[in-house]
Amino acid sequence: MDNQPLVLIVVAVLAALAVYFLFFRKKELPPAGKAEERAERPKPPVPEKAAPKPKAAEAEEGAAPEIIPAKPSRPLAEPTPAPGAARVPSEPRAAVEPAAPPPPVVSKKDVAGLRKGLAATRGGFMARLKAIFTGKKEIDPAILEQMEEVMLTSDVGVKTTQAILERLREGMAKNELSDADAVWAALRAEATRILSIGGPRPAKEKPLVVLMVGVNGVGKTTTIGKLATKWSADGKKVVLAAGDTFRAAAVQQLEVWGKRVGAEVVKGKEGADPGAVAFEATKKANEAGADVLLVDTAGRLHTKVNLMEEIKKVKRTIAKAMDGAPHETLLVLDATTGQNALTQAALFKEALELNGLILTKLDGTAKGGVVLGVCDELKVPVRYIGLGERAEDLREFVAADFVEALFGKDDGEAEAA
Ligand SMILES: Nc1nc2c(ncn2[C@@H]2O[C@H](COP(=O)(O)OP(=O)(O)OP(=O)(O)O)[C@@H](O)[C@H]2O)c(=O)[nH]1
């Protein structure tokens, strides 16, 4: 029994130890199952000393506190976002210059060829215009009178000339055109605006039926031959319709082109109804699976009502042979006829729905300004221009190239400048 106090002490010490381990030490250990939850909890914000990160990187971090960097003194290049990183809209840039309009796309090679073909107009109309500005530092309103004379005598046409000069006058009044270079640039911009007529492009029909119209001798048959050459070279199956039943030589001319490019020529007897030939040709082109049918027609004076009625009938007859055809009615104009070309175009446009114009013989005139007048007054796009008699002398019309060829410096001038 003497050991009883000792036993009690030992029991008490053990009990105290058990209580200590059960209550006090347990609190220091992580509670089971809560470890992951703790790891996901946000860390307390740590003040950043390093340079601010690119915003794209910040976006990826999501909850990281945003530190707004001080505005750089000059606009910095945008950081390249990591692949797949969400793009964050960048801060508005300070003092960004307004974007200049993109310069018209011109092809150097095409312009050089055009320049050659337009040599007569460059040496005539354009040279006379340039001469007005040569050696002039200051620009005075009298210059507009000299320009007016050159434009009117180069077949730009009264209405178009007045419209262009009015715009220049306004620019001068606002002091926007104070030197020769500025006026020249404004004139060039006006020309580009006038010539850049949009409009639906040829339909993707098979066969695409193209009706060529125009007065006598403008170059319809020759242009058909040139187009047939171009399209055949592009691998298209071309059929030609000799709708000029009035002139036997026109049929023979078309047959020569047909042989040259390997295109079938559909013709009627001399004096046959041109509508009947066009109808037959449309059917044949369809059956043969042709890509393009080019329909030649006899030259007709735009002032002869019966002939204009006849061409309307040809158009209706083609539509009977194929729904929606002809898909293109192109008016061929001889650029050397100047203002007369404009009158013809107005009357043909009234009689037929024109899709485009072809201006031939631009190589043979110093007054190429007629293109501006025709486009401005008719609002029909120029599709092709003829710069000679060879097949390759037919060029697709591209306003920017045309303006560069006329208004731009030639290679010699450009090098000297
Ligand atoms: N210099 C030059 N001559 C051309 C051009 N286009 C056509 N010609 C010539 O113009 C003349 C008349 O061409 P055609 O094709 O017979 O004219 P057309 O409109 O069919 O004539 P018609 O059948 O009488 O209505 C020909 O001598 C052609 O070689 C061109 O762009 N430049």
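Only a predicted model underlies this, so the values are computations on that prediction, with no experimental measurement involved.

Chemist: Even after reading the chapter, I still don't get the overall build of the chain, so can you show me in this structure?
Modeler: In terms of helices and strands, the chain carries 16 helices and eight strands. Considering only contacts within the chain whose residues lie at least 6 apart along the sequence, 75% involve residues at least 24 apart.

Chemist: Before we go on, may I ask you to explain unusual backbone geometry in this structure?
Modeler: A negative phi angle is the norm for most residues apart from glycine, just as the trans form is the norm for most peptide bonds. Residue P207 is bonded to the preceding K206 through a cis peptide linkage, with omega at -5°. If you trace the backbone, P207 turns up in the loop between α8 (180-195) and β1 (208-213). The phi dihedral of D155 falls on the positive side, at around 65°, and the residue is not glycine. If you check the backbone angles, K361 has positive phi at about 60° while not being a glycine.

Chemist: How do you make sense of the site of the ligand when you look at a structure like this?
Modeler: Around the ligand there are 22 residues in total, and G219, T221, T222, G299 and G386 lie nearest to it. A per-element tally of the shell around the ligand places helix α9 (residues 220-233) first, with three residues. Among the residues forming the shell around the ligand, the class breakdown is four nonpolar, eleven polar and seven charged.

Chemist: Could you clarify how one ought to interpret the sheet that holds strand β3 (residues 264-266) in this entry?
Modeler: Strand-to-strand pairing in sheets goes through backbone hydrogen bonds, with the strands running parallel or antiparallel. Pairing is mixed across the open sheet formed by eight strands, whose spatial order is β3-β2-β4-β1-β5-β6-β7-β8. Both outer strands of the open sheet, β3 and β8 (394-396), are each paired with one neighbouring strand and no more. Here the strands of the sheet are splayed against their neighbours by 25° on average, with no regard to which way each runs. In the sheet, β1 pairs with strand β5 (residues 328-334) via four bridges, with the strands oriented parallel. Counterpart to L211 in the pairing with β5 is T329.

Chemist: In this structure, what is going on with the nonpolar core? I would like to understand it.
Modeler: Side chains that are nonpolar tend, in soluble globular proteins, to be buried together. Among the nonpolar cores identified, the biggest contains 86 residues, and V210, L240, A241, L293, L294, V295 and L333 are the most heavily contacted of them. Other than its neighbours up to four places away in sequence, A241 contacts V266, V277, A278, A281, L293, L294, V295 and D296.

Chemist: Explanation requested: the packing of helix α13 (residues 339-351) against helix α14 (residues 370-378) in the structure shown.
Modeler: Relative placement of two packed helices is described by the angle separating their axes and the distance separating the axes. Their axes nearest at 10 Å, the elements α13 and α14 cross at an angle of 25°. By the angle between their directions, the pair α13 and α14 is classed as roughly parallel. Note that α13 runs across α14; the crossing there is right-handed. Packed against α13, whose contacting residues are A341, L342, A345, A346 and K349, the element α14 presents V370, G373, V374, E377 and L378 at the interface. In terms of residue class, the contact of α13 with α14 is made up of seven nonpolar, one polar and two charged.

Chemist: Looking at this structure, how should I read the environment of A391?
Modeler: When you line up the elements, A391 lands in the loop between β7 (382-386) and β8. Note on A391: 17 C-beta atoms within 10 Å, which makes it partly exposed. The residues contacting A391, other than those within four sequence positions of it, are G225, K226 and T229.

Chemist: Help me understand the packing of α8 against helix α15 (residues 399-407) in this model?
Modeler: Two elements in contact, α8 and α15, have axes whose closest approach is 9 Å; the angle formed by their N-to-C orientations is 150°. Like other packed secondary-structure pairs, α8 and α15 cross with a definite hand, here right-handed. Where α8 abuts α15, its residues R188, A191, T192 and L195 lie against A399, A400, F402, V403 and F407. Residues of the contact of α8 with α15, tallied by class, amount to seven nonpolar, one polar and one charged.

Chemist: Mind showing me how you'd approach the pairing of strand β2 (residues 238-243) here?
Modeler: Within β2, six of the six residues are buried, leaving the element largely enclosed by the surrounding structure. Side chains V238, L240 and A242 project from β2 onto one buried face, and the interleaved V239, A241 and G243 project onto a second face that is buried too. Considered for its hand, the β-α-β crossover made up of β2, helix α10 (residues 248-261) and β3 is right-handed.

Chemist: Teacher, can you tell me more about the environment of T229 here?
Modeler: In this fold, T229 is placed in helix α9. Residues T229 and G262 lie 33 residues apart in sequence; the distance between their C-alpha atoms is 9.1 Å. With residues up to four places along the chain from it excluded, the contact list for T229 reads V261 and A391.

Chemist: I tried to follow α9 on my own but got confused; where do I start?
Modeler: Structural remark: α-helix, 3.6 residues per turn; residues separated by three or four positions point the same way. With 14 residues, α9 extends 20 Å from end C-alpha to end C-alpha; this agrees with the ideal 20 Å at 1.5 Å per step. Those residues of α9 that fall on the buried side of the exposure criterion are K220, T221, T222, T223, I224, G225, K226, L227 and A228.

Criteria and cut-off values
Residues numbered from 1 in each chain as written. Predicted model: local features only at pLDDT ≥ 70, side-chain atom pairs only at ≥ 80, totals over all residues. Helix = DSSP H or I, 4+ residues; strand = E, 2+ residues; numbered from the N terminus. Contact = placed C-beta atoms within 7 Å. Near = placed C-beta within 6 Å. Nonpolar A, V, L, I, M, F, W, Y, C, P; charged D, E, K, R; others polar. Pairing = 2+ DSSP bridges. Axes fitted to C-alpha atoms, helices over the stretch in contact; angles between N-to-C directions. Core = buried A, V, L, I, M, F, W, Y, C linked by C-beta atoms within 7 Å. Buried ≥ 20, exposed ≤ 12 C-beta atoms within 10 Å, placed from the backbone. Parallel < 35°, antiparallel > 145°, perpendicular 65-115°, else oblique. Left-handed = near helix turned anticlockwise from the far one by under 90°. Right-handed = clockwise from strand over helix to strand, strands pointing away. Expected span 1.5 Å × (residues − 1).

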